[in-house]
Amino acid sequence: MPKMNLSHFEAALLFALFSSVVLGVITKKTDRERFRYGLRCFLYFMGAVIGLGWLMYLGHG
Amino acid sequence: MPSNATKPPAPPIGTWAPAVGLGWLIPGGGHFLLKRNGRGALMLASVLCMFLLGLMMRGAMFQPQTGDILTTIIYCGGFLGDLASGALYLLATWFGYSQQDVAGHVHDYGTKFLVAAGLLNILAMVDAYEIATGKKD
């Protein structure tokens, strides 16, 4: 099994991607709604990652 | 004041148990059984990728431990999360891919990815249950 080293951002990006796919698939009724909801979840995830990242950066001074 | 509304009867176990059981064993398997192949493939790809990434990052598998409340929640909950990946967890454990818990952010992410894969599979199983019982298309 190859070993993988990911940065915080890469790991969070992949986590957001796969979670968003599942959340999109299970929640809505049409494919269009699923795609839009999955995309929205992904953007929310990434917004939270970047926002919290800046918050921690600024909090450390 | 007690409500007069009668609770709808629970769906018979035979209608949903095969889909949920197969969905636990093989991520997306319940959807394949119910002829939702596209959704099943997306579930399978997501859970499988997340689980394999967790293994490649050398994430640790949780073993149930009890002690103080936080230890019990983390270790028993983590074990259940790992176990929810079904055959992926069983095969990884049997073939010796279960890692020791070591320090480092990559290993820590790997551990979380392994648990998250199981949690996503639980969502897939719930979706399969709702489809099998007719609560969802």
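The structure reproduced in this document is the subject of the present report.

Secondary structure summary: chain B contains 6 helices and 0 strands in total. The order of helices and strands in chain B, counted from the N terminus, is α-α-α-α-α-α. If you line up chain B on its principal axes, its C-alpha atoms span 55 × 45 × 25 Å. Across the 137 residues in chain B, those meeting the buried criterion constitute 40%. Contacts in chain B between residues far apart in sequence, at least 24 positions, make up 71% of those at least 6 positions apart.

Let us look at the interface of chain B and chain A. Taken together, the 22 residues of chain B in the interface contact 17 residues of chain A. For the side of chain B that touches chain A, the elements supplying multiple residues, two or more each, are helix 3 (37-56) and helix 6 (105-132) of chain B.

Residue and element names in this part refer to chain B. One non-glycine residue, Lys-35, lies in positive phi territory at about 65 degrees. Tracing the backbone through its elements, the reader meets Lys-35 in the loop between helix 2 (29-33) and helix 3. A tally of 8 C-beta atoms within 10 Å means that Lys-35 is categorised as exposed. Of note, the phi angle at Arg-58 is positive, near 60 degrees, even though the residue is not glycine.

Judged by nonpolar contacts, the single largest core of 39 residues is most densely connected at Val-22 of chain A together with Met-50, Phe-113, Ala-117, Leu-120 and Ala-124 of chain B. Sorting elements by how many residues they give to this core places helix 6 of chain B first, with 12 residues.

On to helix 3 of chain B, then. A turn of α-helix holds 3.6 residues, and therefore any two residues three or four places apart point the same way. When the terminal C-alpha atoms of helix 3 of chain B are compared, their 28 Å separation across 20 residues agrees well with the 28 Å that a helix rising 1.5 Å per residue should span. Within the span of helix 3 of chain B, buried status applies to Arg-39, Gly-40, Leu-42, Met-43, Ser-46, Val-47, Met-50, Phe-51, Leu-53, Gly-54 and Leu-55 of chain B. Looking at the packing, one finds that the buried side of helix 3 of chain B touches helix 1 (8-27) of chain A together with helix 2, helix 5 (87-94) and helix 6 of chain B. Arg-58 of chain B occupies a position one or two residues after helix 3 of chain B and carries a positive phi of about 60 degrees.

To continue, consider the packing of helix 1 (residues 13-25) of chain B against helix 6 of chain B. In a packed pair of helices, the relevant descriptors are the angle between the two axes and the axis-to-axis distance. Residue and element names in this part refer to chain B. Axis separation between helix 1 and helix 6 bottoms out at 9 Å; the angle between their running directions is 160 degrees. The angle between helix 1 and helix 6 falls in the class roughly antiparallel. Note that helix 1 runs across helix 6; the crossing there is right-handed. Of helix 6, the residues touching helix 1 (which contributes Thr-15, Trp-16, Ala-19, Val-20, Gly-23 and Trp-24) are Asn-121, Ala-124, Met-125, Ala-128, Tyr-129 and Ala-132. Class assignment for the residues of the contact of helix 1 with helix 6 results in 9 nonpolar, 3 polar and no charged.

Below, the discussion takes up helix 6 of chain B. The end-to-end C-alpha separation of helix 6 of chain B is 40 Å, in line with the 40 Å expected for 28 residues at 1.5 Å each. Note on helix 6 of chain B: the residue one or two positions beyond its end, Gly-134 of chain B, has a positive phi of about 80 degrees.

Scoring rules and cut-offs
Each chain has its residues counted from 1, running along the sequence as written. Written order determines the labels here, with chains lettered from A and ligands numbered from 1. Local features in this predicted model are restricted to residues whose pLDDT is 70 or higher, and side-chain atom pairs enter the listing and the counts only when it is 80 or higher, whereas totals over whole chains, interfaces and linings include all residues. Only DSSP runs of H or I reaching four residues or more are called helices, and only runs of E reaching two or more are called strands; each is numbered from the N terminus. With C-beta atoms placed from the backbone, a residue is buried if 20 or more other C-beta atoms are within 10 Å of its own, exposed if 12 or fewer are, and partly exposed between those counts. By the convention adopted here, residues are in contact when the distance between their C-beta atoms, placed from the backbone, does not exceed 7 Å. In this usage, the nonpolar core is the set of buried Ala, Val, Leu, Ile, Met, Phe, Trp, Tyr and Cys residues whose C-beta atoms join them within 7 Å. Expected span, for any helix, means 1.5 Å times one less than how many residues it has. A fitted line through C-alpha atoms represents every axis, and for helices the fit uses only the stretch in contact; the resulting angles, taken between N-to-C directions, go from 0 to 180 degrees. For classification, angles of less than 35 degrees are called roughly parallel, those exceeding 145 degrees roughly antiparallel, those between 65 and 115 degrees roughly perpendicular, and all remaining angles oblique. Left-handed describes a crossing in which the near helix is turned anticlockwise from the far one by less than a right angle; the clockwise case is right-handed. Under this grouping Gly is polar, as are all residues other than the nonpolar Ala, Val, Leu, Ile, Met, Phe, Trp, Tyr, Cys and Pro and the charged Asp, Glu, Lys and Arg.

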